[in-house]
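# Structural characterization, general
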Amino acid sequence: MNLFKPDCHYTTVLFPGTENYPTLTVAVNALIQELQELSNNGMIINNILWNFELFFSSDWKFLAICLGFNAANSNYFCPWCEITKNQRGNGQVDWVISKSMSILNENPIAYPGHKLPPLFNMISLKNHVPDKLHIMLRITDRLWELVLQEIKNEGLFNDISRNIIIKEMEKLKIRFEFWKIRGTENWDYTSLMGDDKLRVLQNFNLAKLFDPERAALIKSLWNGFAELYDLLGEIKTDPQYFRLKAKVWYELFLKKTVIDPETNNILEQTLSIIRCNPIYLCLVSHVWEFMLIHKRWGLNAFSCSAVEKKNHNHVCYFFKKTLKNGENFQNKTSAICEILEHENRLLFYTQNNVSLSYPKPQNIHIL
Ligand SMILES: [Zn+2]
């Protein structure tokens, strides 16, 4: 129950700077030692020895960095199997988890694409679980991008279409704008936030932009993904059923357009030219495996949404309450220290059952 509450997630490491392997190696050094110890020896609490099974869940970039694995656009792009770029999209999607942490521990470059020793090498690769939230965010981004791209390809990306989109968004109560990038003829647009993305996917009326056939085809792709996303969160979903569904969806996604040059009739419809994105492969090939392996918890348990919310809370606290690093970065006025101290105080209140809200003070007029 507590997994979904940001206040029940605890910060162990918070650092300023960029997300990269060398910085992380330093920042998580002490944490890694403790995790290693927990994993090897367990912990004795009230004379009971507790053993620990550790899990890892994060967005794609962080996962790749922590695995010492190369960027998503290089030839070997999957953290769990050895598929290469050329093999992607050839219809064969039966890739299963084939790498293992113990092999990486013996030789960090045992698999192509792995360049550095994994940081959390005490956590098995099967317990490095893809995060549902980031899968959803990335795929909906791409689905929306494809719609805009298609309008552009047809030469219809004009004020009329832009207004239709804005009006449709208004109906869904989503603030959405287009603007011209300065000095160019290109347009940029508001990026959709988490929940808005799902709302667009479920409710945006595509028939206002495309002919009925085309609208129906894109809608079926959108609905297919929305359905997969729902299934993903359900603990009772049969992994094999999900595997089948995902495969069908992926095939729809890969469809090509063939136009009869004489009659100009569309013989076969296309939706997109697939850009190399490991997330699709992960959704189609590996998610069902993770559902099977972690059936006990369900993939919802590994969702990063509460952690993202916590991060949001930290950012809010940073702007509202801290001295925003004051004059000196290293001393006590460091925002990092302030945020962590704040969190420690909250932790104290939670553990000691102290109420965090008090009735508002009332004005009493004494005559
Ligand atoms: Zn793979």
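Cut-offs and rules
- Residues numbered from 1 in each chain as written.
- Predicted model: local features only at pLDDT ≥ 70, side-chain atom pairs only at ≥ 80, totals over all residues.
- Heavy atoms only, no water.
- Donors = N, O, S within 2.8 Å, 3.2 Å for Na, K, Ca; no water.
- Buried < 20%, exposed > 50% of the residue type's maximum accessible area, 1.4 Å probe, protein only.
- Patch = residues over 30% accessible without salt bridge, like charges linked within 9 Å, V, L, I, M, F, W, Y side chains within 5 Å.
- Areas by Shrake-Rupley, 256 points an atom, 1.4 Å probe, with all protein chains shown as cover.
- Salt bridge = Lys/Arg side-chain N within 4 Å of Asp/Glu carboxyl O.
- Helix = DSSP H or I, 4+ residues; strand = E, 2+ residues; numbered from the N terminus.
- Polar contact = N/O pair within 3.5 Å; in protein donor to acceptor, adjacent residues only side chain to side chain.
- Contact = heavy atoms within 4.5 Å.
- Phe/Tyr/Trp six-rings, centres within 6.5 Å; stacked < 30°, edge-to-face > 60°.
- Lys NZ or Arg CZ within 6 Å of the ring centre and 35° of its normal.
- Axes fitted to C-alpha atoms, helices over the stretch in contact; angles between N-to-C directions.
- Parallel < 35°, antiparallel > 145°, perpendicular 65-115°, else oblique.
- Left-handed = near helix turned anticlockwise from the far one by under 90°.
- Nonpolar A, V, L, I, M, F, W, Y, C, P; charged D, E, K, R; others polar.
- Core = buried A, V, L, I, M, F, W, Y, C linked by side-chain atoms within 4.5 Å.
- Domains from an automatic or database assignment.
- Expected span 1.5 Å × (residues − 1).

### Brief notes about the coordination of the zinc ion
Within the protein, the atoms that donate to the zinc ion are Cys 78 (SG), Cys 81 (SG) and His 286 (NE2), at distances of 2.0 to 2.2 Å. The exposure class assigned to Cys 81 is buried, which follows from its relative accessible area of 2%. What makes His 286 buried here is its relative accessible area of 0%.

### Points about a nonpolar patch on the surface
On the surface, Met 43, Ile 45, Ile 48, Trp 50 and Phe 52 cluster together into a nonpolar patch covering about 470 Å² of accessible area. For the nonpolar patch, the secondary-structure elements that each account for two or more residues are β1 (43–45) and β2 (48–50). On the secondary structure map, Phe 52 appears in the loop between β2 and β3 (56–58). The class of Phe 52 is partly exposed, set by a relative accessible area of 34%.

### Brief notes about the side chain of Lys 197
If you trace the backbone, Lys 197 turns up in helix α7 (residues 194–203). A distance of 2.8 Å separates the side chain of Lys 197 from the side chain of Asp 141, its partner in a polar contact. In contact with Lys 197, other than residues within four places in its own chain, are Leu 137, Thr 140, Asp 141 and Leu 192.

### Notes on the packing of aromatic side chains
Inspection of the entire model under this criterion finds 18 aromatic pairs. Residues Trp 144 and Phe 204 carry aromatic rings whose centres are separated by 5.3 Å and whose planes lie at 65° to one another, so their mutual orientation is edge-to-face. On the criterion of sequence distance, the pair formed by Trp 144 in helix α5 (residues 132–153) and Phe 204 in the loop between α7 and α8 (212–233) is long-range, its members being 60 residues apart. When its relative accessible area of 2% is taken as the criterion, Phe 204 is described as buried. One aromatic cluster in this structure is built from Trp 144, Phe 157, Phe 176, Phe 178, Trp 187, Tyr 189, Phe 204 and Trp 222. Geometry around Phe 157 places Arg 162 over its ring, the cationic atom sitting 4.9 Å from the centre.

### Some details on the pattern of salt bridges
Counted under the stated rule, the structure contains 13 salt bridges. Lys 171 is the salt-bridge partner of Glu 168, the closest N and O atoms lying 3.5 Å from each other. Note that Glu 168 and Lys 171 are positioned in helix α6 (residues 159–171) at a spacing of three residues, about one turn of the helix. The salt bridge involving Lys 236 is made with Glu 234; its shortest N-O contact spans 3.1 Å. You can call Lys 236 exposed: its relative accessible area is 69%.

### Re the packing of α5 against α6
Packed helices, taken two at a time, are described by the angle their axes make and the gap between the axes. Where α5 meets α6, the axes come as close as 11 Å, and the angle between the chain directions of the two elements is 150°. On the basis of their axis angle, the class for α5 and α6 is roughly antiparallel. When the axes of α5 and α6 are compared, the crossing they make is right-handed. Taking contact as the criterion, the partners of Trp 144, Leu 148 and Ile 151 in α5 are, on α6, Ser 161, Ile 165 and Met 169. Looking at the contact of α5 with α6, its residues break down into five nonpolar, one polar and no charged.

### Let's talk about the nonpolar core
Counting 86 residues, the largest nonpolar core has Phe 120, Trp 144, Ile 165, Phe 204, Trp 222, Phe 242 and Trp 249 as the members making the most contacts within it. Taken domain by domain, the makeup of this core includes at least three residues from each of domain 1 (2–129 + 301–348) and domain 2 (132–227 + 241–278). Setting aside chain neighbours within four positions, we find Trp 249 in contact with Ile 139, Leu 143, Leu 221, Gly 224, Phe 225, Leu 228, Tyr 280 and Leu 283.

### A look at α5
When the terminal C-alpha atoms of α5 are compared, their 31 Å separation across 22 residues agrees well with the 32 Å that a helix rising 1.5 Å per residue should span. Among the 22 residues of α5, 16 are classified as buried, and the element is accordingly described as predominantly covered. Looking at where α5 begins, the residue whose side-chain oxygen comes 3.1 Å from the main-chain nitrogen of Leu 133 is Asp 131. Once α5 ends, the next one or two residues include Gly 155, with phi positive near 70°.

### Describing the packing of α5 against helix α10 (residues 278–293)
At their nearest, the axes of α5 and α10 sit 10 Å apart, and the two run at 130° to each other. One way to sum up the angle between α5 and α10 is to call them oblique. Viewed along their axes, α5 and α10 form a crossing whose handedness is left-handed. Across the interface between the two elements, His 134, Ile 135, Arg 138, Ile 139 and Arg 142 of α5 pack against Ile 279, Tyr 280, Cys 282, Leu 283 and Val 287 of α10.

### Some points on the environment of Thr 350
Its location among the elements puts Thr 350 in helix α12 (residues 335–351). Looking at Thr 350, the relative accessible area reads 44%, which means it is partly exposed. Measuring from C-alpha to C-alpha, the distance between Thr 350 and Cys 8 comes to 9.1 Å, with 342 residues separating the pair along the chain.

### Some thoughts on the environment of Phe 157
Here Phe 157 lies in the loop between α5 and α6. Given a relative accessible area of 17%, Phe 157 falls into the buried group. Along the backbone, Phe 157 and Trp 187 are 30 residues apart, and their C-alpha atoms lie at a distance of 9.6 Å. Those residues in contact with Phe 157 that sit more than four places away from it in its chain are Ile 151, Lys 152, Arg 162, Phe 178 and Trp 187.

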